[in-house]
Every structure is written in structure tokens, then in C-alpha cells.
Amino acid sequence: MPHELDAVAAAILRKNDRDGFTIPAARHYPFQWNWDSAFTALGWATLDAERAWRELESLADGQADDGMLPHIIFRHDDADYFPGPRVWRAQAGGHPVSGISQPPVLASVVRALAEAQGAPGLARAAELFPKILDWHRWWRRARMVDGCPVVCTVHPWETGRDNSPDWHPGLAAMTVDPQLQPYRRKDTEHSAPAERPSGAEYDKYLSIVKFGREHGWRQEVLARDGPFLMADPGVFFILLRAERDLLWLARRLGRGGPAAEIETRITAAERGADYLWNADARAYCARDVRSGRFAPGFSSASALCFYAGVGGAQQRRATLQHLRRIAQKVRFGQPSWDPDAAHFDRRRYWCGPVWCQMNYLIAAGLRERGEQGDAGATAMAEKLRGDLRRLVERTGFYECFDPLSGDGCLSADFSWTAALWLAWASPSARKTPAAAAA
Ligand code: DGY
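Residues numbered from 1 in each chain as written. Predicted model: local features only at pLDDT ≥ 70, side-chain atom pairs only at ≥ 80, totals over all residues. Heavy atoms only, no water.

J.: What is the right way to look at the environment of alanine 269 in this model?
T.: Considering the arrangement of structural elements, one finds alanine 269 in helix H12 (residues 256–272). Residue alanine 269 is classed as buried on the basis of its relative accessible area, which comes to 14%. (Helix = DSSP H or I, 4+ residues; strand = E, 2+ residues; numbered from the N terminus. Buried < 20%, exposed > 50% of the residue type's maximum accessible area, 1.4 Å probe, protein only.)

Structure below.
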């Protein structure tokens, strides 16, 4: 039986459809964003399998010569967005793009679709496989530096969790470029400034973009000499999970050479994971690579260790304890930042609000952990799904939600919220590829 909101969610995807790719939301996000597009395909798959594959193929169309899949494909300019293509000045696949990447969920989405659709799905996955493999090689080549055993990131925007307090150590260690030109933000015209990153943070985000632009987006220079270099549990765990899903695809597709290569990267990542374990916080935390300093709290990315299949018994137990402690503090879902830590801000973007895609990934990992006999993990996965359902039923398809009141924050009619409703949180979602995974 369809839920009454299923049709509303489907209408949001159709409204945000731009003939082959989906914008995250009108006005604030008028282009194609990388991980938004991948999550949105999970929703499309419940409505129209062909459209879901086109979403993923259009994302892969923006691949750069070096293998990077950029965080934004612009396709056109839009004076209502800042910083647009004229600020980034990067090109890939014949499109203006941004010069950085975004969390690599694509392989996991491709696997979910292929697994659900059998032979026709595997045939479509086979087309995307070499591009995804190139992208994963790119992370290894462009985002690993000597002395750090895990993948790094050169810009908070590359993590998708723009103004998380996770980035405070890296942002504190850099200065604003003294030649940064005055600029006019558009995001704070579309949304309440109190729900967006601060001006001081924007100055630093744009200083990093200026550095990348002035170095022709040479990725090795960004990683070696760029103003910001942190290791992110979000990108690390998502990439490790994506490698496991790419390995699944490689085996199904009979690609023995790539399978061996992917296995080597998985083993190296598993060995490096403890680099992100903060013994004081008893959690996986973001870390500034140059100083070694950890971020000061438990973020929603810390909880992705289950999704990545990483951590010993004590690390898993400690992570679950954090999730339970936080669940006592908020009414809905897993917030993006620890409500007991400094800088928690219930409505400010990644400093507190609940994001449905993070809750979906956390729940997917917990559910798998539960299948290995941990009943507490299963209960927490079910709770997160139920909370997401209650949030949407109560408030609508917002970009994110206040974890205390349940009110919507930032853009309404947001594509990945609608998509993950259809694919996961809706009571009618049990049979979708995404629900099978979570
Ligand atoms: C924005 O414009 O807010 C984006 O998060 C940058 O990717």
C-alpha cells in the first residue's frame, strides 16, 4: 500500500528533474551535485529504473581526465548561485565543474541497483564500472599524502559536511588569503543566515578555491601545499564501503585484475583506520593531517564505522554508546554534531541538524552489524528509520531538520529527502534496493 506522502515525494523528484539530472533544490542548488545525484537515483529507482540509471550516467559524464568526479557539474551559469563556474574556472567532460570532489557513494548506489535488477542492472553497471574504478584510483592518487595512512580532503566542501565543527582544527591552521576579492554570498539571501556557515568560514572556503584556481586545479599541489588538509571519517568510511561494493561488482562482472587491485586498497584502508580513532573521545574523529590534531567531538560521520565494516569490539561498543547517549538528548534521529560538544547549533547546517542521507548510511551499517548478532545495533537502525519517517510526516521534505523540535531547516522540497523517503523511510519502501541495504 503506498503511503500518502509517496506521491508528494515523487512529485518533488519530477519538479527538480532537469532532463536527465536532478538538482538538489530550486534556487539554492541549481546544478548537479555529486552525492546528491547518487542518493537521488535510489529514489528514481522506485519510480523508473531507466531514469535512475540516467541520473548516474549523467553524473559520470562530468568525469575529469584524471578520474575525479567533481562535486558540482554546472552545465550552465546561474547568477543566483555563488560561487558559480566563473569562480571555480575548472572544466571536465566538456562541462564547467568545481575543482574538488565529494563523498564517493556512487559505487554503492550502482551495486544496490544492479543487485535489485539482476542481469539488466548488471549490464548498466558494467558501463559505469571503469569510470568508478578510475575515480577510486583518483582518491588513492590525489588524496593520499606521505605520513597519513588514510585518504584526505583539501576542502570542507569536498566532505559534503561543509561547516561541521570537524573542520575547526584545519580551518584554524590556515589564514584568509589577503588578496581575496570582496564577494557577495547568495546562500544567505536564500536561507536564514543563522542556518548557514559563518562569514569567517566562507572567507576560508573561498581562499582554498582561490589557491586551487591559481594552481590550475593541479590536485597534487592542492594536497601537498594547499591551505587545508584533513582526514575525514565520512569520506574515508564511505570510500571504504564503496570499494567493497565495487569489489562485489568486479567479481560479478568477471574483472579479475581490478578485483585484485581493489582488494589491495581495502586491506590498506582497514590497516589505516586507527589513524582516525581518537582515544580521548573514544570515537572516530576528523583529524588535521599536518598537526595531527583531532576534531573535538562525535559527528554523524563518526557513526559510519559500521557502514565501512571497520573497528574492533571496543570501538564498536564505544560508538554505539555514543549513539545511545545522543539519542537521549534529542527527539529525532542522529544529529550531525554531538549535542554535548562545543559548537552544537541545532539549526545551523552541519553543526546539529539531522540529515537524512547520513541517517540512512548509519542505519545501513547498523543493520548489517545487527545481522551479525548485535541486537542493539538493529534496534538503533530501526529507530533512525522510524525517526526519519516521523520527521517527514510531521514537517515535510526539508534539506535537514532540527533534532530537538523536528522543524525543517533550509530548503524545502529537497531531492535526496524525497528520494530516501521513497527508497527507505516510507512504510512502503521495504522492497526497494536501498531498503534492502538498510
Ligand atoms: C553550498 O553551496 O552550500 C554547497 O554546499 C557547496 O557545495
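Once the structure has been displayed, the description carries forward.
J.: Is there a simple way to explain the layout of surface pockets in this structure?
T.: Rolled over the atoms, a probe sized like a water molecule indicates the empty space that remains. The calculated volume of the second largest pocket comes to roughly 230 Å³. Taken together, 16 residues form the lining of the second largest pocket, with Arg140, Met144, Leu239, Arg265 and Ala269 sitting closest to its centre. Looking at the lining of the second largest pocket, the elements with two or more residues in it are helix H6 (119–142), helix H11 (233–252) and H12. The element contributing the most residues to the lining of the second largest pocket is H12, with five residues. A per-class count over the lining of the second largest pocket returns 11 nonpolar, two polar and three charged. (1 Å grid on protein atoms, 1.4 Å probe; cavity = no way out; pocket = protein on both sides within 12 Å on 5 of 7 lines; lining within 4 Å. Points joined across faces, edges and corners; volume = space filled by probe spheres on them. Nonpolar A, V, L, I, M, F, W, Y, C, P; charged D, E, K, R; others polar.)

J.: I would appreciate a short explanation of the site of the ligand in the present structure.
T.: Around the ligand, the structure places His28, Trp33, His71, Tyr81, Trp157, Asp162, Arg196 and Tyr349. Within the side chain of aspartate 162, a nitrogen or oxygen atom sits 2.5 Å from an oxygen atom of the ligand. For the ligand, the protein covers 96% of the area, taking 230 Å² as the surface of the free molecule. Judged by the fraction of its atoms near the pocket grid, the ligand is located in the largest cavity. A breakdown of the residues in the shell around the ligand according to their chemical character gives four nonpolar, two polar and two charged. (Near = heavy atom within 4 Å. Polar contact = N/O pair within 3.5 Å; in protein donor to acceptor, adjacent residues only side chain to side chain. Areas by Shrake-Rupley, 256 points an atom, 1.4 Å probe, with all protein chains shown as cover. Sits in = over half its atoms within 2 Å of the grid points.)

J.: Is there a simple way to explain helix H2 (residues 34–47) in this structure?
T.: A turn of α-helix holds 3.6 residues, and therefore any two residues three or four places apart point the same way. Between the first and last C-alpha of H2 there are 21 Å, a value that for 14 residues agrees with the 20 Å anticipated at 1.5 Å per step. With respect to burial, H2 is a largely interior element, 12 of its 14 residues being buried. Every buried residue of H2 is accounted for by Asn34, Trp35, Asp36, Ser37, Ala38, Phe39, Thr40, Ala41, Leu42, Gly43, Trp44 and Ala45. (Expected span 1.5 Å × (residues − 1).)

J.: Sorry if this is basic, but what is going on with the nonpolar core here?
T.: Note on soluble globular proteins: their nonpolar side chains tend to be buried together. Of all hydrophobic cores here, the largest spans 151 residues; its most connected members are Phe39, Leu42, Leu56, Val110, Phe236, Leu249 and Leu366. Top element by residues in this core is H11. It accounts for 12 residues. (Core = buried A, V, L, I, M, F, W, Y, C linked by side-chain atoms within 4.5 Å.)

J.: Help me out: how do you make sense of the environment of alanine 301 in this one?
T.: Mapped onto the secondary structure, alanine 301 falls in the loop between strand S8 (287–288) and helix H13 (305–308). Along the sequence, alanine 301 and proline 149 sit 152 residues apart, while their C-alpha atoms lie 18 Å from each other. Not counting residues up to four positions away in its chain, the partners in contact with alanine 301 are Arg161, Asp232, Pro233, Gly234, Phe237 and Met358. (Contact = heavy atoms within 4.5 Å.)

J.: It is not clear to me how the packing of aromatic side chains should be interpreted in this structure. Could you clarify?
T.: Aromatic ring pairs are reported here in terms of the distance separating the ring centres and the angle at which the planes meet. The full count for this structure, using the stated rule, is 28 aromatic pairs. The interplanar angle of 65° and the centroid separation of 5.6 Å between the aromatic rings of tyrosine 349 and tryptophan 355 together place this pair among those described as edge-to-face. Accessibility assignment for this pair places tyrosine 349 and tryptophan 355 in one class, buried. A centroid spacing of 5.7 Å and a plane angle of 65° characterise the contact between phenylalanine 414 and tryptophan 416, whose relative ring orientation is edge-to-face. By the burial criterion, phenylalanine 414 is buried, and tryptophan 416 matches it. Geometry around phenylalanine 21 places arginine 75 over its ring, the cationic atom sitting 4.7 Å from the centre. When the ring centre of tyrosine 349 is taken as reference, the NZ or CZ atom of arginine 196 above it lies at 4.3 Å. (Phe/Tyr/Trp six-rings, centres within 6.5 Å; stacked < 30°, edge-to-face > 60°. Lys NZ or Arg CZ within 6 Å of the ring centre and 35° of its normal.)

J.: Sorry if this is basic, but what is going on with the packing of H6 against H11 here?
T.: For any two helices packed against each other, one specifies the crossing angle of their axes together with the interaxial distance. Across the interface, H6 lies against H11 with an axial gap of 10 Å and an inter-helix angle of 140°. Taken together, the axes of H6 and H11 lie oblique to each other. Crossing of H6 against H11: the hand is left-handed. Counting all contacts with H6, which are made through Leu122, Ala125, Phe129, Ile132, Leu133, His136 and Trp139, the residues of H11 involved are Val235, Leu239, Ala242, Glu243, Leu246, Trp248, Leu249, Ala250 and Arg252. Among the residues forming the contact of H6 with H11, the class breakdown is 13 nonpolar, one polar and two charged. (Axes fitted to C-alpha atoms, helices over the stretch in contact; angles between N-to-C directions. Parallel < 35°, antiparallel > 145°, perpendicular 65-115°, else oblique. Left-handed = near helix turned anticlockwise from the far one by under 90°.)

J.: So what exactly am I meant to see when it comes to the side chain of glutamate 195 here?
T.: The residue glutamate 195 is located in the loop between helix H8 (187–190) and helix H9 (199–214) in this model. The class for glutamate 195 is buried, based on a relative accessible area of 9%. Engagement of the side chain of glutamate 195 in a polar contact is seen with the side chain of arginine 347, the distance being 2.8 Å. Ignoring any residue separated from it by four or fewer positions in sequence, one finds glutamate 195 in contact with Arg347, Arg348, Tyr349, Cys409 and Leu410.

J.: Whenever I open this one, empty space enclosed by the protein confuses me. Can you help?
T.: In this structure the tally under the stated criterion is one cavity of 30 Å³ or more. Considering only enclosed or pocket space, the largest cavity measures out at about 240 Å³ in volume. What lines the largest cavity is a set of 24 residues, and nearest its centre among them are Tyr29, Trp33, Gln102, Asp162 and Tyr349. Of the residues in the lining of the largest cavity, the class split is 16 nonpolar, four polar and four charged.

J.: Sorry, what's going on with unusual backbone geometry here?
T.: Leaving glycine aside, a negative phi is the common case for residues, and trans is the common case for peptide bonds. With an omega of 0°, the peptide bond running from phenylalanine 82 to proline 83 counts as cis. Within the secondary structure, proline 83 is located in the loop between strand S2 (72–73) and helix H4 (85–88). One non-glycine residue, arginine 75, adopts positive backbone phi at about 60°. Within the fold, arginine 75 resides in the loop between S2 and H4. For arginine 282, which is not glycine, the phi dihedral falls at a positive 55°. In this structure, arginine 282 sits in the loop between strand S6 (277–278) and strand S7 (283–284).

J.: Help me out: how do you make sense of helix H1 (residues 4–16) in this one?
T.: Among all positions of H1, only Leu5, Asp6, Ala9, Ala10, Ile12, Leu13 and Asn16 are buried. For H1, the buried positions fall inside an angular range of 155° around the axis, keeping them on one side. Exposed side of H1, more than 90 degrees from the buried face: Glu4, Ala7 and Arg14 are the residues found there. The inward-facing, buried residues of H1 contact H2, helix H16 (375–395) and helix H17 (415–425). (Arc of directions from axis to C-beta.)

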